[in-house]
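Residue strings, one per chain:
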Amino acid sequence: MIDKIAGLIANIEKKSINSAEELEALRIEFLGRQGILKDLREEFKTVPGPEKREVGMALNELKASIENKLATAKEVLEENEETQGEGMDLTRPHGGVPLGSRHPISVVRRDILDIFNRIGFTVAEGPEIEDDWHVFSGLNFPPEHPARDMQDTFFVEKNPDLMLRTHTSSVQVRAMETQEPPLRIVMPGRVFRNEAISARAHCIFHQIEGLYIDKGVSFADLKQTLLYFAKEFFGEDAKIRLRPSYFPFTEPSAEVDVYWGLKTEVDYRITKGTGWLEILGCGMVDPNVLKASGIDPEIYSGYAFGMGIERIAMLRHQIGDLRHFFENDARFLKQFSSAF
Ligand code: PHE
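Thresholds applied
Residues numbered from 1 in each chain as written. Predicted model: local features only at pLDDT ≥ 70, side-chain atom pairs only at ≥ 80, totals over all residues. Heavy atoms only, no water. Buried < 20%, exposed > 50% of the residue type's maximum accessible area, 1.4 Å probe, protein only. Helix = DSSP H or I, 4+ residues; strand = E, 2+ residues; numbered from the N terminus. Pairing = 2+ DSSP bridges. Core = buried A, V, L, I, M, F, W, Y, C linked by side-chain atoms within 4.5 Å. Contact = heavy atoms within 4.5 Å. Domains from an automatic or database assignment. Axes fitted to C-alpha atoms, helices over the stretch in contact; angles between N-to-C directions. Parallel < 35°, antiparallel > 145°, perpendicular 65-115°, else oblique. Left-handed = near helix turned anticlockwise from the far one by under 90°. Nonpolar A, V, L, I, M, F, W, Y, C, P; charged D, E, K, R; others polar. Near = heavy atom within 4 Å. Polar contact = N/O pair within 3.5 Å; in protein donor to acceptor, adjacent residues only side chain to side chain. Areas by Shrake-Rupley, 256 points an atom, 1.4 Å probe, with all protein chains shown as cover.

1. Overview of the pairing of strand 9 (residues 276-285)
Move 1: In terms of burial, strand 9 is largely enclosed, as nine of its ten residues are buried.
Move 2: With eight bridges joining them, strand 8 (residues 250-259) and strand 9 adopt antiparallel strand pairing. Bridge pairing in strand 9 places V258 opposite L277.
Move 3: As paired strands, strand 9 and strand 10 (residues 301-308) are joined by five bridges and run antiparallel to one another. Pairing of G281 across the sheet is with G306, part of strand 10.

Below is the structure:
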């Protein structure tokens, strides 16, 4: 009986099944009510005691073998049916088209603009290729200022008066030249600097500039606006501090830090142990800058601020390397797909 079972198992393994009918026939042949397995079980009853164990095991093996064969053959048949004509069901839902996602820089840019739109700032834009006046001279940069150096700025070879703008402050000048105060604008855009590319610096990055000019605008207004921004962007608990700084186009000038916290080791590392992180530069628009654009500093005053979008996005998402934003590796970008 053992030999008979072994022979059956060998046959099962060799058998090829090409249709649903063949599959069903094989099932009935072995597992049906009058099938081979039923007969063998009857025969099993006559097996003498000492042999029962071995024959029983062989029977189990046969059962597993036929069940296994039927299951695999069924799978193969179904697969073929799907991919080969006839049985193909055109109404079945497909796997779904993978959706792209917004780039983290454009998400952060939009969020920042939204926050300022809510308090009355409108968006203004300007050209990326600019002249000396809008990037430097109109902003009170002295002629020998180091930013005017080839080391820092990409100049247009054939016309040294033209360059890729190094900051979005150039758009301020264009706005002040063409519009009467009050002015309340945010100016997003790409900027370019002649810097070696590293985890912390890139030759292209994005800034958002803010400008508010009206009668009686004070430093307190600036501080309050920036505190509002920090709370909206980083959360209600956000704290800011202002450190005195210098920019040719603002007086007084400050750099603004946001409190990041010192709870973890990472916090220590990224804040260099202070708990604070710099997010932007700002100040009261220098009277010389107002005058240069035809606005009377005796009547009007204003504030300006400028922030790097990459920097803010790195803070929000704890991204350690600026270059990720420009390499557009889908695995990196996919992580922000929920950030619509
Ligand atoms: N333009 C400055 C920079 O690129 C930022 C800034 C803008 C500072 C406006 C003060 C006022 O670093």
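2. Brief notes about the nonpolar core
Move 1: Within the largest apolar cluster, 40 residues are counted, with the highest numbers of intra-cluster contacts made by I112, F305 and M307.
Move 2: Among the elements that line this core, the one with the most residues is helix 5 (residues 104-117), at six residues.
Move 3: For I112, the residues in contact, after removing those within four places along its chain, are I208, F229, F233, M307 and I312.
Move 4: V135, L211, F249 and Y300 belong to the second largest nonpolar core, which has 22 residues in total.

3. Quick look at the domain arrangement of the protein chain
Move 1: Domains assigned within the protein chain are domain 1 (2-80) and domain 2 (104-339).
Move 2: In this structure, domain 1 and domain 2 have C-alpha centres spaced 77 Å apart.

4. Digging into the sheet that holds strand 3 (residues 155-156)
Move 1: Here we have three strands laid out as an open sheet, ordered 2-4-3, and antiparallel in their pairing. Looking at which strands have only one partner, the edges of the open sheet turn out to be strand 2 (129-131) and strand 3.
Move 2: Judged from the three bridges that link them, strand 2 and strand 4 (residues 159-164) form a sheet pairing that is antiparallel. Paired with I129 across the two strands is L164, which belongs to strand 4.

5. Overview of the packing of helix 5 against helix 8 (residues 219-234)
Move 1: Helix 8 packs onto helix 5 with a crossing angle of 130° between their chain directions and a minimal axis gap of 10 Å. It follows from the interaxial angle that helix 5 and helix 8 lie oblique. For the element pair helix 5 and helix 8, the recorded crossing hand is right-handed. Packed against helix 5, whose contacting residues are V108, D111, I112, I115 and F116, the element helix 8 presents T225, Y228, F229, E232 and F233 at the interface.
Move 2: Of the residues belonging to the contact of helix 5 with helix 8, the class tally is seven nonpolar, one polar and two charged.

6. Brief notes about the site of the ligand
Move 1: In the vicinity of the ligand lie 13 residues, with H167, S169, R193, Q207 and E209 positioned nearest.
Move 2: In this structure, S169 approaches the ligand through a side-chain N or O atom, which is 3.0 Å from a nitrogen atom.
Move 3: Between Q207 and the ligand, the recorded distance is 2.9 Å, taken from a side-chain N or O atom to an oxygen atom.
Move 4: In isolation the ligand has 320 Å² of accessible area, and contact with the protein removes 88% of it.
Move 5: Secondary structure elements with two or more residues in the shell around the ligand: strand 6 (204-214), strand 9 and strand 10.
Move 6: Here the shell around the ligand is composed, by residue class, of five nonpolar, six polar and two charged.

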